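# Descriptive structure summary
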Protein chains: 2
Amino acid sequence: MAKIVFLGTSGSTPTKSRNLPSVALEYEGSIYLFDCGEGTQRQIFKYSLNISKVEAIFISHIHGDHIIGIAGLVRTLALNRRQQPLYIFVPKGYESAASQLLSFDKAIIGFEIHIKPISSGTIYKNEDFEVRALRLVHSVPAFGFVFKEKDRVRFIKEKAAAAGLKGSMYSELLKNGHITVNGKKVALKDVTYVEPGLKVAYITDTRPVQSIAIAARGADLLIHEATFAASEAGLAKERKHSTSEEAALIAKKAKVKKLVLMHISARYRSTAKILKEAKAIFDNTYIAKDGMAITLERGS
Amino acid sequence: MAKIVFLGTSGSTPTKSRNLPSVALEYEGSIYLFDCGEGTQRQIFKYSLNISKVEAIFISHIHGDHIIGIAGLVRTLALNRRQQPLYIFVPKGYESAASQLLSFDKAIIGFEIHIKPISSGTIYKNEDFEVRALRLVHSVPAFGFVFKEKDRVRFIKEKAAAAGLKGSMYSELLKNGHITVNGKKVALKDVTYVEPGLKVAYITDTRPVQSIAIAARGADLLIHEATFAASEAGLAKERKHSTSEEAALIAKKAKVKKLVLMHISARYRSTAKILKEAKAIFDNTYIAKDGMAITLERGS
């Protein structure tokens, strides 16, 4: 199970109702942050997440609105006497920029902060899931992130019973891929199916390039920026952002289950138009709000 | 007239209801910020102040919770195409720390930022008021600030008429200090009184030293930190902060008109005890809340 909490859903500048970008993904008791705009630590408190559970932070790009929040967050963790290390991922080449932001006042931080470079491919992995980075198209090097839980092999009870499987035969079959039961060969694929792991894609800031649709293919949830309404497609192109319609087209091509739009420009007081434009292309679209939470379960 | 808006009233870490420290003083259409904790720009929007009117920022000390907000604030001003310079005052010797915080990502800021060193004495002055800095006692170099509007010489109408003053005599008397009317010498002090300018003191983070009472003497408003309740006087001493009672004693000694306590530790869910303790010593005490506004007028 993964719980996604939208901590900040604005773009560039905060508004009365939207803080700067950050999305928390809670998984097995740990929290992973995608971007960390100014004020993220307060949003964590506001939406009752446990700040000490933040394990890693993935920064899409080095623009201030996506990263300034790490400075205050690490100081609060230090005040809370955190011991375990914190991992902060930033686009390769910007490690010293992140380090400069963290260390401007030479504050004493009593735990290790590992600033890790992001290149395309798998950047974080544990026994349950991995996070892959994909290069986006923005005014500075930017990356999208795909959280992918491991697929699991599940036995089809009826077929396994019919094949005569019992006891340690299950683990042997899993290990070797085949087994002989009562003189009859049973292949793993005959009695199992693959239950795909959860997949969540976080995509901001970028032009709507095709590689996003490929990376997000079949995702349970695609979080995509929609800085502009369709009527400002020229501005979106110029400033290397996406419109409502462009984000929805990516969702449609990627055949994702659900699309949530965020990083909405502060210029829009109402998001009704942006939602309508996107829904016309991809119906299962929502506009993120600060504090919105989505719980995803395998196979649901 | 000066309007004070409490933008953030917490200490060290934000809470659900309190942002990190910042107090806005609006005077003659311009805004002066005292401290600028993370999230200050959003508080400015939230409480409907005009961010483009921020003229100068006075940072009490370089601890992250008091300064991190400048990084996002200047970026938003840049997005808004600000032209006029911004003045940021930081304790002398910490100019490069502030500069490092502002420039970590080499963002293009299209207006001048003047980072000015703070030493004791007058650090900012225009035709209407001055801001004086006084050295506080904290774990790092810290300064309190006193906003002092110019005193004005006002004519006592009845006395001026009785002395036979008219026309250009008023300006001549103001210029020379005395004038002869119908053969009789009139001194300025005979027909005028001094209307004192508004005085507001902003004092955080510090032990309650006597120089504060001297600097804040007779202030219309003393904003003083009260990180701890009286029962944690030992902790206040150790961490170089003040308690409710210590802040109230300063207000009493300084004979200020009103005391507002802020920088309350996040450990206190209720501030009732802190208020009660302070009021027992200095009755006209209030606890600051985010968004609280106080309007001060000369002679009121």
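Note that the structure is a prediction, hence the values are computed from the model and not measured.

A tally of regular secondary structure across chain A gives 11 helices and 18 strands. Rg of the C-alpha trace for chain A: 21 Å, near the compact-globule value of 19 Å for 300 residues, within the 12% margin. Each principal axis of the C-alpha atoms in chain A carries an extent, and together these give about 70 × 50 × 35 Å. Of the contacts formed within chain A by residues at least 6 apart in sequence, a portion of 64% connects residues at least 24 apart. When the accessible surface of chain A is split by element, carbon and sulfur atoms take 51% of a total near 13000 Å².

Time to look at the interface of chain A and chain B. The interface of chain A with chain B comprises 40 residues on the first partner and 39 residues on the second. Between chain A and chain B, a total of about 2800 Å² is buried, with carbon and sulfur atoms accounting for 56% of that surface. Remark: the boundary between chain A and chain B carries 0 salt bridges. Run the count over chain A and chain B and you get 15 residue pairs in polar contact (both at pLDDT 80 or more). Secondary-structure elements contributing two or more residues to the side of chain A that touches chain B are helix H1 (40–46), helix H2 (64–67), helix H3 (69–79) and helix H4 (95–103) of chain A. It is H3 of chain A that contributes the most residues to the side of chain A that touches chain B, 7 residues altogether. Among the residues forming the side of chain A that touches chain B, the class breakdown is 12 nonpolar, 18 polar and 10 charged.

On to the pattern of salt bridges. Two side chains carrying opposite charge are able to pair once their charged atoms lie near each other. Residues and elements named next belong to chain A. What the rule picks out here adds up to 24 salt bridges over all chains. Among the ionic pairs, Arg 298 bridges to Glu 195, the shortest N-O distance being 3.3 Å. Remark: Glu 195 occurs in strand E13 (residues 192–195) and Arg 298 occurs in the segment after strand E18 (293–296); sequence separation between them is 103 residues. Taken individually, Arg 298 and Glu 195 each receive the classification buried, so the pair is uniform in this respect. Three or more residues are tied together by salt bridges with common partners; here these are Glu 149, Arg 152, Arg 154, Glu 195 and Arg 298.

Next up on the list: the domain arrangement of chain A. Segmentation of chain A into domains returns domain 1 (2–151 + 196–296) and domain 2 (153–192). A straight line from the C-alpha centre of domain 1 of chain A to that of domain 2 of chain A covers 42 Å.

A word on the state of the cysteines. Going through the model one piece at a time under the given rule, you end up with 0 disulfides over all chains. Free cysteine: Cys 36 of chain A, not disulfide-bonded; nearest cysteine sulfur from Cys 36 of chain B at 17 Å. Since its relative accessible area comes to 0%, Cys 36 of chain B is described here as buried.

With that settled, consider the relation of the copies chain A and chain B. Related by rotation about an axis and a shift along that axis, the two copies of the chain form a pair. Screw-axis analysis of chain A against chain B gives a translation of 0.0 Å along the axis, an RMSD of 0.1 Å, and a rotation angle of 180°. Taken together, the rotation angle and the small translation identify this as a two-fold axis. Taken together, the interface assignments show that 98% of the residues at the interface of chain A recur at the interface of chain B, consistent with an identical surface on both copies.

Right, let's get into the environment of Ile 88 of chain A. Residues and elements named next belong to chain A. Within the element layout of this structure, Ile 88 appears in strand E5 (residues 86–91). Taking relative accessible area as the criterion, Ile 88 reaches 0% and is therefore assigned buried. The spacing of Ile 88 and Ile 59 is 29 residues in sequence and 7.4 Å in space, taken between C-alpha atoms. Those residues in contact with Ile 88, other than ones at most four positions away along the chain, are Ile 57, Ile 59, Ile 70, Leu 102, Ile 113, His 114, Ile 115 and Lys 116.

Quick look at the environment of Thr 9 of chain A now. All names here are of chain A. In this structure, Thr 9 sits in the loop between strand E1 (2–8) and strand E2 (22–27). Judged by its relative accessible area of 0%, Thr 9 is buried. Separated by 282 residues in the primary sequence, Thr 9 and Gly 291 place their C-alpha atoms 9.2 Å from one another. Ignoring any residue separated from it by four or fewer positions in sequence, one finds Thr 9 in contact with Arg 18, Asn 19, Leu 20, Met 262, His 263, Ile 264, Ala 288, Lys 289 and Asp 290. A polar side-chain atom of Thr 9 sits 2.7 Å from a polar atom in the side chain of Asp 290.

A few words now on the packing of helix H10 (residues 244–254) of chain A against helix H11 (residues 272–279) of chain A. All names here are of chain A. One can describe the packing of H10 onto H11 by two numbers: an axis separation of 8 Å at closest approach and a directional angle of 35°. In this structure, H10 meets H11 at a crossing whose hand is right-handed. Across from Ser 244, Glu 245 and Ala 248 in H10, the residues of H11 making contact are Ile 274, Glu 277 and Ala 278. Partitioning the contact of H10 with H11 into residue classes produces 3 nonpolar, 1 polar and 2 charged.

We now examine the sheet that holds strand E1 (residues 2–8) of chain B. Residue and element names in this part refer to chain B. Pairing in this open sheet of 7 strands is mixed, and the strands run E7-E6-E5-E4-E3-E1-E20 from one edge to the other. Single-partner strands in this sheet number two, and they are strand E7 (113–118) and strand E20 (293–296). Across the sheet, the mean angle from the axis of one strand to that of its neighbour is 20°, orientation sign disregarded. Across 3 bridges, the pairing between strand E5 (residues 54–58) and strand E6 (residues 86–91) is parallel. Bridge assignment links Phe 58 to a residue of E6, and that residue is Phe 89. Against the sheet, helix H3 (residues 69–79) engages strand E4 (30–34), E5, E6 and E7, with an angle of about 170° to E6.

Before going further, it helps to examine the nonpolar core. In terms of nonpolar packing, the biggest core is built from 59 residues, with Leu 33 and Ile 57 of chain A together with Leu 33 and Ile 57 of chain B touching the most fellow members. Excluding anything up to four places from it in sequence, Leu 33 of chain B contacts Leu 7, Ser 22, Val 23, Ala 24, Thr 40, Ile 44, Val 54, Ala 56, Ile 57, Phe 58 and Leu 73 of chain B.

Quick look at helix H4 (residues 95–103) of chain B now. All of the buried residues along H4 of chain B are Ala 97, Ala 98, Leu 101 and Leu 102 of chain B. The buried residues of H4 of chain B occupy one face: seen down the axis, they fall within an arc of 135°. On its buried side, H4 of chain B packs onto H4 of chain A together with helix H2 (64–67), H3, E6 and E7 of chain B.

Turning next to the side chain of Glu 225 of chain B. Within the fold, Glu 225 of chain B resides in strand E16 (residues 221–225). There is no salt bridge for the buried Glu 225 of chain B, and the closest opposite charge comes from Arg 207 of chain B, which lies 7.6 Å off by N-O distance.

To continue, consider the packing of H3 of chain A against H4 of chain A. Residue and element names in this part refer to chain A. Contact geometry for H3 and H4: axes closest at 8 Å, N-to-C directions at 55°. Judged by the angle between their axes, H3 and H4 are oblique. Taken as a pair, H3 and H4 cross one another with a handedness that is right-handed. Where H3 abuts H4, its residues Ile 70, Ala 71, Val 74 and Arg 75 lie against Ala 98, Leu 101 and Leu 102. Looking at side-chain class alone, the contact of H3 with H4 contains 6 nonpolar, no polar and 1 charged residues.

Rules behind the numbers
Residues numbered from 1 in each chain as written. Chains lettered and ligands numbered in written order. Predicted model: local features only at pLDDT ≥ 70, side-chain atom pairs only at ≥ 80, totals over all residues. Heavy atoms only, no water. Helix = DSSP H or I, 4+ residues; strand = E, 2+ residues; numbered from the N terminus. Rg over C-alpha atoms; globule rule 2.2 N^0.38 Å. Contact = heavy atoms within 4.5 Å. Areas by Shrake-Rupley, 256 points an atom, 1.4 Å probe, with all protein chains shown as cover. Buried area = accessible area lost by both parts, 1.4 Å probe. Salt bridge = Lys/Arg side-chain N within 4 Å of Asp/Glu carboxyl O. Polar contact = N/O pair within 3.5 Å; in protein donor to acceptor, adjacent residues only side chain to side chain. Nonpolar A, V, L, I, M, F, W, Y, C, P; charged D, E, K, R; others polar. Buried < 20%, exposed > 50% of the residue type's maximum accessible area, 1.4 Å probe, protein only. Domains from an automatic or database assignment. Disulfide = S-S within 2.5 Å. Least-squares fit on C-alpha atoms with pLDDT ≥ 70 in both. Axes fitted to C-alpha atoms, helices over the stretch in contact; angles between N-to-C directions. Left-handed = near helix turned anticlockwise from the far one by under 90°. Pairing = 2+ DSSP bridges. Core = buried A, V, L, I, M, F, W, Y, C linked by side-chain atoms within 4.5 Å. Arc of directions from axis to C-beta. Lys, Arg positive; Asp, Glu negative; His and termini not counted. Parallel < 35°, antiparallel > 145°, perpendicular 65-115°, else oblique.

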